[in-house]
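Below are the chains, spelled out letter by letter.
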Amino acid sequence: MAQTGGFGDEHGPERLVALSDGVFAIAMTLLVLDISVPPDLGAAGFRHALGELPPKVAAYALSFLIIGAFWLDHRRVLLGMRSVDLPFTAVTLAGLGVTAFVPFPTSLLSEYGSMPAAIAIYAATIAAMDLTQIALVLLRARHPERDRTPLRPALAKAWIVDLAVTVVVFLVTIPLAWPLGGDAMWIWLALIPLKGAAGRSRTAASRKPSEPDGR
């Protein structure tokens, strides 16, 4: 039974869920602030400003999609638990810290997408965000006594593989950003088939009935 009154006590996940929802909402909203057109432009300047918007919109859409997917997974982890402890809370806060940071590398990517450093910073940020999610899944899998909904080993493994695909693809682009420049971002398209395959495996694992011995 969870104790009360101390810094390291266990509590239900409701407060973390509420905090997480707020951080995700703010981060997703801040992404759009980078998309703007200066006021008082003439016809030529207005057309030029519109021509500069596609990279910004693309960076916004990519980050919004990634944060949205991360938020869905994050809620699945938290809402499946009956209680959370200090290590779980600390990892959650680390993940939220990285999430709140995402608008900055998104802005770098939209303004300096051909610069290797901008690509590397963005890729490292997304990889770090997903690494915290992997840590949360591992912590939950190692403490089934805190589960509200049992997380079977097969599902935990498939979940981690799904998240690891994102980590690997983004990490691979970091060293390749210098020789390839902006073309390194095309590697991210590999996420479409890889995440599709990983997602199907994860769905299959979630639907597979538990074995009689609980494994």
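Residue numbering note: each chain is counted from 1, following its sequence as written. Confidence filtering applies because this is a predicted model: local features only for residues at pLDDT of at least 70, side-chain atom pairs given and counted only at 80 or more, and all residues used for totals across whole chains, interfaces and linings. Note that water and hydrogens are dropped before the side-chain values are worked out from all heavy atoms of the structure.

### A word on the confidence of the model for the protein chain
No. 1: Averaged over the protein chain, the pLDDT score is 89; the fraction of residues at 70 or greater is 92%.
No. 2: This model gives residues 1-9 a pLDDT under 50, and the stretch forms 9 contacts once residues within four places in sequence are excluded. A residue's pLDDT is the predictor's confidence in that residue, given on a scale from 0 to 100. The contact criterion used throughout is that any non-hydrogen atoms of two residues lie within 4.5 Å.

### Brief notes about the nonpolar core
No. 1: Joining through side-chain atoms within 4.5 Å is the link that ties buried Ala, Val, Leu, Ile, Met, Phe, Trp, Tyr and Cys residues into a set, and such a set is a nonpolar core. Relative accessibility decides the category of a residue: with a 1.4 Å probe and only protein chains considered, values under 20% of the type maximum give buried, values over 50% give exposed, and everything between is partly exposed. Core analysis: the biggest nonpolar cluster contains 44 residues, and Ile-67, Phe-88, Tyr-122, Ile-126, Met-129, Phe-170 and Trp-188 have the highest contact counts within it.
No. 2: Elements with a minimum of two residues in this core: α1 (14-31), α3 (53-79), α4 (86-101), α6 (116-142), α7 (153-180) and α8 (191-207).
No. 3: For Phe-88, the residues in contact, after removing those within four places along its chain, are Leu-16, Val-77, Leu-78, Met-81, Leu-136, Leu-139 and Arg-140. Going along the chain from the N terminus, every DSSP run of H or I of four or more residues is numbered as a helix, and every run of E of two or more is numbered as a strand.

### Some details on the packing of α3 against α7
No. 1: Two numbers describe how α3 lies on α7: the axes approach to 13 Å, and their chain directions differ by 150 degrees. The angle between the axes of α3 and α7 places the two elements in the roughly antiparallel class. Here α3 runs over α7; the crossing is left-handed. Facing α3, whose interface residues are Ile-66, Asp-73, Arg-76 and Val-77, α7 presents Trp-159, Leu-163 and Phe-170.
No. 2: Ten residues, namely Ala, Val, Leu, Ile, Met, Phe, Trp, Tyr, Cys and Pro, are considered nonpolar, four, namely Asp, Glu, Lys and Arg, are considered charged, and the remaining ones, Gly among them, are considered polar. Across the contact of α3 with α7, the residue classes break down as 5 nonpolar, no polar and 2 charged. Under this scheme, a helix contributes an axis fitted over its contacting stretch, all axes are lines through C-alpha atoms, and angles between N-to-C directions fall in the 0 to 180 degree range. Orientation categories follow fixed angle ranges, with anything under 35 degrees roughly parallel, anything over 145 roughly antiparallel, 65 to 115 roughly perpendicular, and all other angles oblique. Note on convention: near helix rotated counterclockwise from far helix by under a right angle means a left-handed crossing. Clockwise means right-handed.

### Quick look at a nonpolar patch on the surface
No. 1: Together, Ile-26, Leu-30, Val-32 and Leu-33 make up a nonpolar patch on the protein surface, roughly 370 Å² of accessible area in all.
No. 2: Inspection of the secondary structure assignment puts Val-32 in the loop between α1 and α2 (43-51). Patches here: salt-bridge-free residues with over 30% relative accessible area, like charges joined within 9 Å, nonpolar side chains (Val, Leu, Ile, Met, Phe, Trp, Tyr) joined within 5 Å. All accessibility values rest on the Shrake-Rupley procedure with a 1.4 Å probe; residue burial counts only the protein chains present in the view. By salt bridge we mean one thing: a side-chain nitrogen of Lys or Arg within 4 Å of a carboxyl oxygen of Asp or Glu.

### Considerations on unusual backbone geometry
No. 1: Backbone geometry at Asp-40 places phi at a positive 60 degrees, although glycine is not the residue there.
No. 2: Note on placement: Asp-40 falls in the loop between α1 and α2.
No. 3: We classify Asp-40 as exposed; its relative accessible area is 82%.

### Side note on the pattern of salt bridges
Pairs can form between side chains of opposite charge once their charged atoms are near each other.
No. 1: Scanning the entire structure with this criterion turns up 9 salt bridges.
No. 2: In this structure, the salt-bridge partner of Asp-73 is Arg-202, at a minimum N-O distance of 2.4 Å. Of this pair, Asp-73 sits in helix α3 while Arg-202 is found in helix α8, placing the two residues 129 residues apart along the sequence.
No. 3: A network of salt bridges, in which partner residues are shared, links Asp-73, Arg-76, Asp-162, Lys-195 and Arg-202.

### Overview of the packing of aromatic side chains
No. 1: Within 6.5 Å between ring centres, the rings of Phe, Tyr and Trp (the latter by its six-membered ring) count as paired, and their orientation is classed by plane angle as stacked under 30 degrees, edge-to-face over 60, tilted in between. Evaluation of the coordinates by the stated rule reveals 6 aromatic pairs.
No. 2: Where Tyr-122 meets Phe-170, the ring centres are 6.3 Å apart and the plane angle is 55 degrees; that geometry is what we call tilted. Here Tyr-122, found in helix α6, pairs with Phe-170, found in helix α7; they are 48 residues apart in sequence, far enough to count as distant.
No. 3: Three or more aromatic residues joined by ring pairs form one cluster here, namely Tyr-122, Phe-170 and Trp-188.

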